[in-house]
Amino acid sequence: MPQSAVKKSLWTLAIAALIAVVIVLCLPMIASTQIVRDSVAQQVSAWSGYRVRLDDAPEIRVWPSFKAVLNDVVLSDWRDNQHPPVMEAERVEIDLSALAALRGEVVFTKIRLVRPIMRLDGTAGAPKFHTLPKWGRLAQSIELAKELINQNPNGPDLSALPSDAFATVEVEDGRIVSADDRSQPAFASGLAGTLSWPALNRSAALSARGIWHGEAINVEATSEQPLLLLAGGKSALSLSLKTSPVSLSFKGEVDIEGNAFIDGQLETSAPSLQRFLEWASREDWPGTTIKAASLKTRVQGDPTRIKFENTEIGLGDNSATGVFDIGFSEPTPIVSGTLAFKSLDMDALMRTLAPDPAKGGAQTPTIAHQTNFDLRLSAATANAGSITMSNVAATAQVRNGLTSLDISDATAFGGMLQLGIRRDTLEGRSQVELRVNAENVDGGEIASKLHLTNLMPKARGSFTVFIKGLGDDIKNVLETADGSISASFGKGVIPGLNLDSFRQHNDRGTFFPLADIADGELPIDGIELKSTLAGGIAWIDKAEIQLTSREKITLGGLIPFAGRGIALSGSILPATPQTETPEEEQPKETFFIGGSWSAPFIAPFLVE
């Protein structure tokens, strides 16, 4: 390099260094002027629209960065002296533009709020942040954006948006509290995060963390046009939320003001749906634990209705696809739709829609009281306790506390099954209805699934059950039940009955337990049963067992559900001879069955 060029480079560096030194030396003098000191508070007020109160003048620091430090900052409404300030901060650190300061101007590049307290307004119902005063620069920019939206709602002129530079905002150890009730716990605490918004007409990104409802929560969000969002227009938004009870992500378009609108892809999952509901509502969730839940869907809607399309739902080990929507036109929101499950746990479904009142649900507000449901369901397989069904078609409804599940078609026990359950409230007590209709089912399979080792016929047949009773569990319902039971079974056997052993005991003329004759099976050609339920007592209208020996056993009497007792009388009619004799003239064996369900006994009282 020529010597002259080296000298020029050295002179250039020397001049640059001199200029830097002059700037550093001049900055304290410039920044310490009363104009800059006063302008810091004025600019905060001009942007926010709130009155700014400081305990002392801003402290100006030059090293390691040019900044103003404001202590004990209070922002309040100019016209409201009755309510607490909108925000208070122990300290506010504001990074300033050095070049702007040399011109006598104050331009913020970063604002750091240290231990701020932000107050929500709860006077109009749900708590929300205070509306910005209209004369503030940010509020005026929002109003200008509203005018652009009104001129062209579907495509506002983005080039006309205000382009004012906006500082990066950082928060350290913040809290959000109620402005009306100081005794109420903080809505959120331990808040820390950054809002990066270079200019009002540019995109913005938010990264925040804190404590909400006792759980650490992390939020990440970006918006292409945040000013349009604040003005009630549509803008692309990406949002993610992560906390122990739930994780959520959304990407799409939203409108958060006026006729709010949402359209995008939503994914959410919770390790325990019960834990999530307890965390979100801050109330204990009654009933048995509800397993993990997940949702992946295209969500689209407005304040009157939200639609969920191409939906994938997971509930414990169950998964479903379909569509549903949530309507808000009635006082109580209603969820309606169609879902197809590969497998479905009916118990988990009912616990989700309406937790068991016997475990606290009657006293605690639940989703069944806060939301109505009208769902059409199908499942390749479904379980209700130990019962397995296939090809299930059902509807589930919850409306103002009335819960119903209707299985209109299902294959179970080798035949067809229809099932209906309704639960309502009558005079402060739960009223339950149960309807069962089974056709061409296998009694042996029913006995195996329900663990009935004896007395359930191993034969094909049909039966219907209708029970209506009061109570929060099956025991109370049966003890108050009204209704009917009828059944018809064909050729087979009844396990737990040995007719020869019965006759041996019967000939002795003494009481004997039913267990003494349970060492065999009774061959039958068919069974007919009709019973009426009234006040928790089953009255036997007709009970006939046609034996393969052409003999016939008849039963009559009653079975009270309260106390689980038995009071039946029976007869064994001999086979009808070729020359038919009137039944009342035929010889017969009669007996009495009494005692309890768990240990019945038989008393032969007449042999003719």
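Please refer to the structure placed before this passage.
Just so you know, these numbers come straight off a predicted model, no measurement behind them.

Some thoughts on the overall build of the chain
Part 1 of the reasoning: Scanning the chain from terminus to terminus reveals 11 helices and 31 strands.
Part 2 of the reasoning: Classification of the 608 residues of the chain by burial places 40% in the buried group.
Part 3 of the reasoning: On the chain, roughly 32,000 Å² of surface is accessible, and the fraction owed to carbon and sulfur atoms is 55%.

Notes on the nonpolar core
Part 1 of the reasoning: Met346, Met389, Val392 and Phe463 are the most contacted members of the largest nonpolar core, which totals 76 residues.
Part 2 of the reasoning: If one sorts the elements of this core by residue count, strand 19 (residues 387-399) sits on top with 6 residues.
Part 3 of the reasoning: Residues contacting Phe463, with those up to four places away along its chain left out, are Val436, Asn437, Ala438, Val441, Ile446, Ser486, Ala487 and Phe489.
Part 4 of the reasoning: Counting 27 residues, the second-largest nonpolar core is a separate cluster that includes Ile60, Val106, Phe108 and Phe187.

Some details on the pattern of salt bridges
Part 1 of the reasoning: Counted under the stated rule, the structure contains 18 salt bridges.
Part 2 of the reasoning: Of the charged contacts, one joins Arg112 and Glu172 as a salt bridge, the two residues approaching to 2.0 Å between their closest N and O atoms. Placement of the pair is Arg112 in strand 5 (residues 108-121) and Glu172 in strand 7 (residues 168-178), with a sequence separation of 60 residues.
Part 3 of the reasoning: By relative accessible area, which is 24% here, Arg112 ends up partly exposed.
Part 4 of the reasoning: Classification of Glu172 by relative accessible area gives partly exposed; the value is 27%.

Re the environment of Pro495
Part 1 of the reasoning: Along the chain, Pro495 turns up in strand 24 (residues 482-495).
Part 2 of the reasoning: Among residues more than four places away in sequence, those in contact with Pro495 are Thr453, Asn454, Leu455, Met456, Lys458, Gly520 and Glu521.

Focus: the packing of aromatic side chains
Part 1 of the reasoning: Counting across every chain of the model gives 11 aromatic pairs.
Part 2 of the reasoning: Between Trp212 and Trp279, the ring centres sit 4.9 Å apart and the planes meet at 90°, which makes this aromatic pair edge-to-face. With Trp212 in strand 9 (residues 204-212) and Trp279 in helix 6 (residues 273-281), this residue pair connects regions lying 67 residues apart in the sequence.
Part 3 of the reasoning: By relative accessible area, Trp212 is classed as partly exposed at 31%.
Part 4 of the reasoning: One aromatic cluster is present, built from ring pairs that chain together Trp47, Phe166 and Trp197.
Part 5 of the reasoning: The ring of Phe261 carries the charged tip of Lys234 above its face, separated from the ring centre by 4.4 Å.

Regarding the environment of Gly509
Part 1 of the reasoning: Relative to the helices and strands, Gly509 resides in the loop between helix 11 (499-508) and strand 25 (512-513).
Part 2 of the reasoning: Relative accessible area serves as the criterion here: at 48%, Gly509 is assigned to the partly exposed category.

Digging into helix 7 (residues 346-353)
Part 1 of the reasoning: Those residues of helix 7 lying buried are Met346, Ala348, Leu349, Thr352 and Leu353. Viewed along the axis of helix 7, the buried residues span an arc of 160°, placing them on a single side of the element.
Part 2 of the reasoning: A side-chain oxygen of the first residue of helix 7 lies 3.0 Å from the backbone nitrogen of Asp347; this N-cap is Asp345.

Looking at the pairing of strand 26 (residues 521-534)
Part 1 of the reasoning: One ladder, built from 11 bridges, connects strand 24 with strand 26; its direction is antiparallel. Its bridge partner lying in strand 26, Ser486 is registered against Lys530.
Part 2 of the reasoning: Sheet analysis places strand 26 next to strand 27 (residues 537-547), joined by 10 bridges and oriented antiparallel. In the strand pairing of strand 27, Lys530 is matched with Lys542.

A short note on unusual backbone geometry
Part 1 of the reasoning: The backbone of Arg115 shows a phi angle near 50°, a positive value even though the residue is not glycine.
Part 2 of the reasoning: Locating Arg115 in the fold gives a position in strand 5.
Part 3 of the reasoning: Residue classification places Arg115 among the partly exposed residues on the basis of a relative accessible area of 32%.
Part 4 of the reasoning: In this model, His451 sits at a positive phi of 60°, which is unusual for a non-glycine residue.
Part 5 of the reasoning: Summarising the element assignment, His451 is placed in the loop between helix 9 (443-449) and strand 23 (458-470).

Concerning the environment of Ala165
Part 1 of the reasoning: Assignment of secondary structure puts Ala165 in the loop between helix 4 (137-151) and strand 7.
Part 2 of the reasoning: Separated by 34 residues in sequence, Ala165 and Ala199 have C-alpha atoms that sit 4.2 Å apart.
Part 3 of the reasoning: With residues up to four places along the chain from it excluded, the contact list for Ala165 reads Trp47, Pro198 and Ala199.

A word on the side chain of Arg119
Part 1 of the reasoning: With respect to the helices, strands and loops of the structure, Arg119 is situated in strand 5.
Part 2 of the reasoning: A residue is classified by how much of its surface remains accessible, and Arg119, at 11% relative accessible area, is buried.
Part 3 of the reasoning: In terms of polar contacts, Arg119 uses its side chain to reach the side chain of Glu88, at 2.8 Å.
Part 4 of the reasoning: Discounting residues that sit within four places of it in the chain, Arg119 has contacts with Pro84, Pro85, Val86, Glu88, His130, Val177 and Ala179.

What to know about the side chain of Ser141
Part 1 of the reasoning: Summarising the element assignment, Ser141 is placed in helix 4.
Part 2 of the reasoning: Its relative accessible area of 6% is what places Ser141 among the buried residues.
Part 3 of the reasoning: With residues near it in sequence (within four places) discarded, Ser141 still touches Pro162, Leu200 and Leu227.

A short note on the pairing of strand 17 (residues 334-345)
Part 1 of the reasoning: Two strands pair when backbone bridges link them, and strand 16 (residues 318-327) and strand 17 are joined in this way by 9 bridges, in the antiparallel orientation. Paired with Ala320 across the bridge in strand 17 is Phe341.
Part 2 of the reasoning: Hairpin connection, strand 16 to strand 17: the antiparallel pair is bridged by 6 residues.

Rules used throughout
- Residues numbered from 1 in each chain as written.
- Predicted model: local features only at pLDDT ≥ 70, side-chain atom pairs only at ≥ 80, totals over all residues.
- Heavy atoms only, no water.
- Helix = DSSP H or I, 4+ residues; strand = E, 2+ residues; numbered from the N terminus.
- Buried < 20%, exposed > 50% of the residue type's maximum accessible area, 1.4 Å probe, protein only.
- Areas by Shrake-Rupley, 256 points an atom, 1.4 Å probe, with all protein chains shown as cover.
- Core = buried A, V, L, I, M, F, W, Y, C linked by side-chain atoms within 4.5 Å.
- Contact = heavy atoms within 4.5 Å.
- Salt bridge = Lys/Arg side-chain N within 4 Å of Asp/Glu carboxyl O.
- Phe/Tyr/Trp six-rings, centres within 6.5 Å; stacked < 30°, edge-to-face > 60°.
- Lys NZ or Arg CZ within 6 Å of the ring centre and 35° of its normal.
- Arc of directions from axis to C-beta.
- Polar contact = N/O pair within 3.5 Å; in protein donor to acceptor, adjacent residues only side chain to side chain.
- Pairing = 2+ DSSP bridges.

Everything listed is a geometric property; what it means functionally is a separate question.
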